[in-house]
Amino acid sequence: PLGTFHPSTPSVSRSRNLARITCTASFFRLCTLILLLQLARVSCFSRATLRPTASRLAFQSFRSKADAHNYEYLRRPVNPLCRPILAMTGGRLKERDALFELVLKWITHPEWDMTLTLRDAVAKTEHLIDEHMVNPQGSELSRKCPGVAPFFTRLPLIKALDFFGSRVSVEERQYVPPTFSEVRQIFNIAQVYEMQGAIKMLTFDADDTLYEHGMDLEPGDWIVDALLQLLHSGIFVAVVTAAGYPGKPDRYASRFKGLLQKMKELNTPKEVYSRFYCVGGECNYLFRITEGYGMEEVDPSVWMTDDMKAWKDEDIKKLLDVAESSLKAVCADHRLDVQFIRKARAVGCYPTRAENRIAYEALEDIALTVQDAIINNVDGAPVLPFCAFNGNRDVWIDIGDKRFGIQALQSFLGVSSQQSCHLGDRFTKTGNDMRARDIAMTVWVTSPAETEDYLELFLTELGTEAARECAKSRPQGPKQGTVEWQKAQTIQRNTAGP
């Protein structure tokens, strides 16, 4: 009987020890199960680590092809439900830059148990960039930010922060940290400061940089006066755009009608207007201003580089065939009402009805899908460079990219990378301004208003009286009597109350 055993007997002790071991093992099994469930949940919805080995191998093969051709691509998810594109970008599709995010990381996430202030982070970045320019391959910045674009000048970020802080009290905020946009603007200001005395050519994207998407330069736009002042200052000005109208210089003349009309009114001399160019189709066509203030196309044999002249028609057709097939298939998958256009060196799609607009996330997915298709459906690495990009309202695939267009202009005009700067709005992996970073200084804007901000600063710092007067003439806010001005007045009146 059990009553005959004393609690201290060996049999009872062994039973108690066994019970403890059993309970402990059960507890650890339960903890392990909970941990596995949590890992499975995170894996399914965020990082998709539980992929079949074949899928991972396929992606590695895709990346090796892309890297061989010097292109950076995002991973296309095998199952969009498991790894949506928003998870890949943190929900900020238009705000992705490794260097800017590194600065934000130092501010918002402790590094070695120490969170930096904005000023400390900016100072640290300025030092790392200076070090990187001396030794790009073995610098600390190259380790913290692999694949960072080359720097053609140093960046006085502390000076830029002082200027930015005089307008936006970003360092005085107690609860709201600096944003991606604010870090981007600080870098832009630093680049504009460093351009003084060195710049010989400014290139601009067109849509959403010089003017709103699909619009034109108008005679009353202040940016027209700014461009004219740049030309008078001896600086080459070029618009490098995806819009391709081969053999149709009048189409470009209509887009720049405000500038051309102003030149005609002022009887601008040839030595001034001859400094203006337009590169169309990313890099495929070059146009210049004629004596009658129109536009004419320049013979490709005169300005194209040897690499660009070597692109063969059969290779162009093969790449565009793959791009068009993929474009139509993915648009059908998204059930989009779009029209397709096939040109000599481009193919694209846009909404059938002007009032309809495709969701930005859908445009991103289309661009990434076509990039993937071209890389994987062409035997080996693509024979030709290409640019498949989200144009904010449409998607286009062009032969070549803006790197080739700017490089050809530099060679044609005798300008170096250290003397060139490109302003554009699409510096993401699905944008068509990204490759300009390889060949010139860059300024990342988000609207024509921001472009005017940096031109105003540049003209103010240029050092000539005419440039300063042009900067001072920029209107502040919407023009009186316009729809925007009337809206502002209505909002002010309703906000102020009786």
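Note that the structure is predicted; figures quoted are calculated from it, not measured. (Residues numbered from 1 in each chain as written. Predicted model: local features only at pLDDT ≥ 70, side-chain atom pairs only at ≥ 80, totals over all residues. Heavy atoms only, no water.)

K.L.:
Any chance you could explain helix H15 (residues 313-333) here in plain terms?
P.N.:
Residues three or four positions apart in an α-helix share a direction because the helix packs 3.6 residues into each turn. Taking 1.5 Å as the rise per residue, H15 with 21 residues should run 30 Å; its terminal C-alpha atoms sit 30 Å apart, in good agreement. Every buried residue of H15 is accounted for by Ile316, Leu319, Leu320, Val322, Ala323, Glu324, Ser326, Leu327, Val330 and Cys331. Positive phi appears at Arg335, one or two residues downstream of H15, with a value of about 55°. (Helix = DSSP H or I, 4+ residues; strand = E, 2+ residues; numbered from the N terminus. Expected span 1.5 Å × (residues − 1). Buried < 20%, exposed > 50% of the residue type's maximum accessible area, 1.4 Å probe, protein only.)

K.L.:
In this structure, what is going on with a nonpolar patch on the surface? I would like to understand it.
P.N.:
Where nonpolar side chains cluster on the molecular surface, the patch consists of Leu30, Leu33 and Ile34 and spans about 280 Å² of accessible area. Here Leu33 lies in helix H1 (residues 10-47). (Patch = residues over 30% accessible without salt bridge, like charges linked within 9 Å, V, L, I, M, F, W, Y side chains within 5 Å. Areas by Shrake-Rupley, 256 points an atom, 1.4 Å probe, with all protein chains shown as cover. Salt bridge = Lys/Arg side-chain N within 4 Å of Asp/Glu carboxyl O.)

K.L.:
What is the right way to look at the packing of helix H7 (residues 157-167) against helix H8 (residues 180-195) in this model?
P.N.:
Pairs of packed helices are described in terms of their axes, by the angle between the two and the distance that separates them. Remark: H7 packs on H8, axes separated minimally by 8 Å, with the N-to-C direction vectors making an angle of 115°. The handedness of the crossing between H7 and H8 is right-handed. Listed contacts from H8 to Leu157, Lys159, Ala160, Leu161, Phe163 and Phe164 of H7 are Glu182, Gln185, Ile186, Phe187, Ile189, Ala190 and Tyr193. For the contact of H7 with H8, the class distribution of residues is 10 nonpolar, 1 polar and 2 charged. (Axes fitted to C-alpha atoms, helices over the stretch in contact; angles between N-to-C directions. Left-handed = near helix turned anticlockwise from the far one by under 90°. Contact = heavy atoms within 4.5 Å. Nonpolar A, V, L, I, M, F, W, Y, C, P; charged D, E, K, R; others polar.)

K.L.:
Explanation requested: the nonpolar core in the structure shown.
P.N.:
It is characteristic of soluble globular proteins that their nonpolar side chains tend to be buried jointly. Counting residues in hydrophobic clusters, the biggest one holds 81 residues, and the most contacted among them are Phe187, Leu202, Phe204, Leu230, Phe256, Phe276 and Met295. The element best represented in this core is H8, accounting for 9 residues. Look past the residues within four positions of Phe204 in its chain and what remains in contact with it is Leu210, Leu227, Leu230, Val237, Ala238, Val239, Val240, His422, Leu423, Thr451 and Leu455. Grouped together as the second largest cluster of nonpolar side chains are 46 residues, Met201, Met304, Leu319 and Ile374 included. (Core = buried A, V, L, I, M, F, W, Y, C linked by side-chain atoms within 4.5 Å.)

K.L.:
I tried to follow the confidence of the model for the protein chain on my own but got confused; where do I start?
P.N.:
A low pLDDT score tells you not to read the predicted coordinates there in detail. Confidence along the protein chain averages 84 in pLDDT terms, with 81% of residues attaining 70 or more. Contacts of residues 1-12 to residues separated by more than four positions or lying in other chains number 5 contacts, the stretch itself having pLDDT below 50. (pLDDT = per-residue confidence, 0-100.)

K.L.:
Would you take a moment to explain the sheet that holds strand S7 (residues 346-351) for this structure?
P.N.:
Note on sheets: strands pair through backbone hydrogen bonds, and any given pair is parallel or antiparallel. Ordered by their spatial adjacency, 4 strands build an open sheet running S6-S7-S9-S8, and the pairing between neighbours is antiparallel. The open sheet has two edge strands, strand S6 (338-342) and strand S8 (386-390), and neither has a second partner. If you compare each strand with its neighbour and ignore which way they point, the axes differ by 15° on average. Here 4 bridges tie S7 to strand S9 (residues 395-399), and the two strands are oriented antiparallel to one another. Among the inter-strand pairings, Ala346 is bridged to a residue of S9, identified as Asp398. (Pairing = 2+ DSSP bridges.)

K.L.:
It is not clear to me how unusual backbone geometry should be interpreted in this structure. Could you clarify?
P.N.:
Glycine aside, residues mostly have negative phi angles, and peptide bonds mostly take the trans form. Despite not being glycine, Asn267 has its phi angle at roughly 50°, a positive value. The backbone phi angle of Glu282 is positive, close to 75°, even though this residue is not glycine. The residue Glu282 is located in the loop between strand S3 (276-280) and strand S4 (285-289) in this model.

K.L.:
Just checking my understanding: could you explain the packing of aromatic side chains for this structure?
P.N.:
Geometry of an aromatic ring pair is reported as the spacing of the ring centres plus the angle between the planes. The tally for this structure, following the rule as stated, stands at 12 aromatic pairs. Considering the side-chain rings of Phe100 and Phe187, the 4.8 Å spacing of their centres and the 50° angle between planes classify their relative orientation as tilted. Taken together, the positions of Phe100 in helix H4 (residues 98-108) and Phe187 in helix H8 put the pair 87 residues apart, joining distant regions of the chain. Judged on exposure class, the residue Phe100 and its partner Phe187 are both buried. In this structure an aromatic cluster arises from ring pairing among Phe100, Phe180, Phe187, Phe427 and Trp444. (Phe/Tyr/Trp six-rings, centres within 6.5 Å; stacked < 30°, edge-to-face > 60°.)

K.L.:
What is the right way to look at the packing of helix H18 (residues 448-462) against helix H19 (residues 465-472) in this model?
P.N.:
Following both chains from N to C, one finds H18 and H19 inclined at 150°, their axes separated by 7 Å at the closest point. By the criterion of interaxial angle, the relationship of H18 to H19 is roughly antiparallel. The handedness of the crossing between H18 and H19 is left-handed. From H18, Glu456, Leu459, Thr460 and Leu462 reach across to H19, where they touch Ala467, Arg468, Cys470 and Ala471. Taken together, the residues of the contact of H18 with H19 break down into 5 nonpolar, 1 polar and 2 charged. (Parallel < 35°, antiparallel > 145°, perpendicular 65-115°, else oblique.)

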